[in-house]
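# Chain and residue survey
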Amino acid sequence: MKTFFSFITRIFVAIPVAALVWLISYFGFEQTLLYSSGSAILGGAIIYIVIKWITKRKFLKIHQLSRKEFAYIVQNLKEAKKKIHRLQKVFFNVRNIGAFKQMLDLIRLVKRIYAIIRREPRRFYQAEKFFFYHLDSIVELSEKYAFLAAQPVKNNELYFSLKDTRNTLKELKRTIENDLYEVLSKDIDHLEFELNVAKHSLKPPIDTSLDDERRSTK
């Protein structure tokens, strides 16, 4: 989903093509300036669309996704981005040092999962609980905490609610860490396999020459 890079690539290809079409049309076929300009714009637009289609098709093939699946994932990512923005707004309104650090850790975890899925959308299916349940809970509880903490009047009931909310957010942080682990589980398994192979290859071969020599002398 390297959208900006893909856009720049398409532009850099489409503009020279449009310029070439204009030159051929104007000087080669002696068309009018208006007709040549229209042909150039059309030619550039066609190349732009074709490259975009090829790039998207290649991307979907690499990640083994259908167009419907990709559209579904993109829609969920857009909604998640809005929720992350709400979470960041809460973060900037927090005044308590402990809560500030807690929110910072949560945002880092949430943005890490979001970034991984945005880069590799196929992993979305390993993080469905995060997108459909856990992220919503974090945002709602964080907003509740910020609202209660901003109240000018403090009493025992309010202090208890704030403490309870922070404890719940702490539990949710562990849940998000598990979500991140789930998203990375295949990479971790692959790494462990590679490490085992590497360790095995580093073991020195067993020298059987002495055993052979002993057998020969008997």
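Residues numbered from 1 in each chain as written. Predicted model: local features only at pLDDT ≥ 70, side-chain atom pairs only at ≥ 80, totals over all residues. Heavy atoms only, no water.

### Focus: a positive patch on the surface
The grouping of Lys52, Lys56, Arg57, Lys61 and Arg67 at the surface amounts to a positive patch. Element by element, the count of residues in the positive patch is highest for helix H2 (residues 33–62), at 4 residues. Looking at the element boundaries, Lys52 is found in helix H2. (Patch = residues over 30% accessible without salt bridge, like charges linked within 9 Å, V, L, I, M, F, W, Y side chains within 5 Å. Areas by Shrake-Rupley, 256 points an atom, 1.4 Å probe, with all protein chains shown as cover. Salt bridge = Lys/Arg side-chain N within 4 Å of Asp/Glu carboxyl O. Lys, Arg positive; Asp, Glu negative; His and termini not counted. Charge placed at Lys NZ, Arg CZ, Asp CG, Glu CD. Helix = DSSP H or I, 4+ residues; strand = E, 2+ residues; numbered from the N terminus.)

### Some details on the environment of Leu148
In this fold, Leu148 is placed in helix H5 (residues 128–149). When the C-alpha positions of Leu148 and Tyr159 are compared, they lie 9.0 Å apart, and in sequence the two are 11 residues distant. Discounting chain neighbours no more than four positions away, the residues touching Leu148 are Leu158, Ser161 and Leu162. (Contact = heavy atoms within 4.5 Å.)

### With respect to the side chain of Ser25
The residue Ser25 is located in helix H1 (residues 3–28) in this model. Aside from chain neighbours lying at most four places away, what touches Ser25 is Glu30, Gln31, Tyr35, Ser36 and Ser39.

### Focus on the nonpolar core
Side chains of a nonpolar character, in soluble globular proteins, are inclined to be buried together. Membership of the largest hydrophobic core comes to 40 residues, with the highest contact counts inside it found for Ile117, Phe130 and Phe131. Elements that contribute at least two residues to this core include exactly H2, helix H3 (67–93), helix H4 (97–119), H5 and helix H6 (156–202). In this structure, Phe130 is in contact with Val110, Ile113, Leu135, Ile176 and Asp179, ignoring residues within four places of it in sequence. (Core = buried A, V, L, I, M, F, W, Y, C linked by side-chain atoms within 4.5 Å. Buried < 20%, exposed > 50% of the residue type's maximum accessible area, 1.4 Å probe, protein only.)

### Concerning the environment of Val13
As for its placement among the helices and strands, Val13 is situated in helix H1. Val13 gets classed as partly exposed once you look at its relative accessible area, which sits at 33%. When the C-alpha positions of Val13 and Ile47 are compared, they lie 7.7 Å apart, and in sequence the two are 34 residues distant. With near-sequence residues (within four places) excluded, Val13 lies in contact with Ile47 and Ile51.

### Observations concerning the side chain of Thr165
With respect to the secondary-structure elements, Thr165 resides in helix H6. Contact partners of Thr165, with chain neighbours within four places excluded, come to Leu141, Lys144 and Tyr145.

### A closer look at H4
In a regular helix each residue adds 1.5 Å, so 23 residues correspond to 33 Å; H4 covers 33 Å between its end C-alpha atoms and thus fits that length. Of the residues making up H4, those classed as buried are Ala99, Gln102, Met103, Asp105, Leu106, Ile107, Leu109, Val110, Ile113, Tyr114, Ile116 and Ile117. (Expected span 1.5 Å × (residues − 1).)

### Here's the deal with the pattern of salt bridges
With the rule as written, the count across this model stands at 6 salt bridges. Of the charged contacts, one joins Lys83 and Asp136 as a salt bridge, the two residues approaching to 2.7 Å between their closest N and O atoms. With Lys83 in helix H3 and Asp136 in helix H5, this residue pair connects regions lying 53 residues apart in the sequence. The partly exposed category is assigned to Asp136, whose relative accessible area is 23%. Here Glu120 makes a salt bridge to Arg123, at a shortest N to O gap of 3.0 Å. Since its relative accessible area comes to 25%, Glu120 is described here as partly exposed. Counted as one network, the salt bridges with shared partners bring together Lys101, Asp105 and Lys173.

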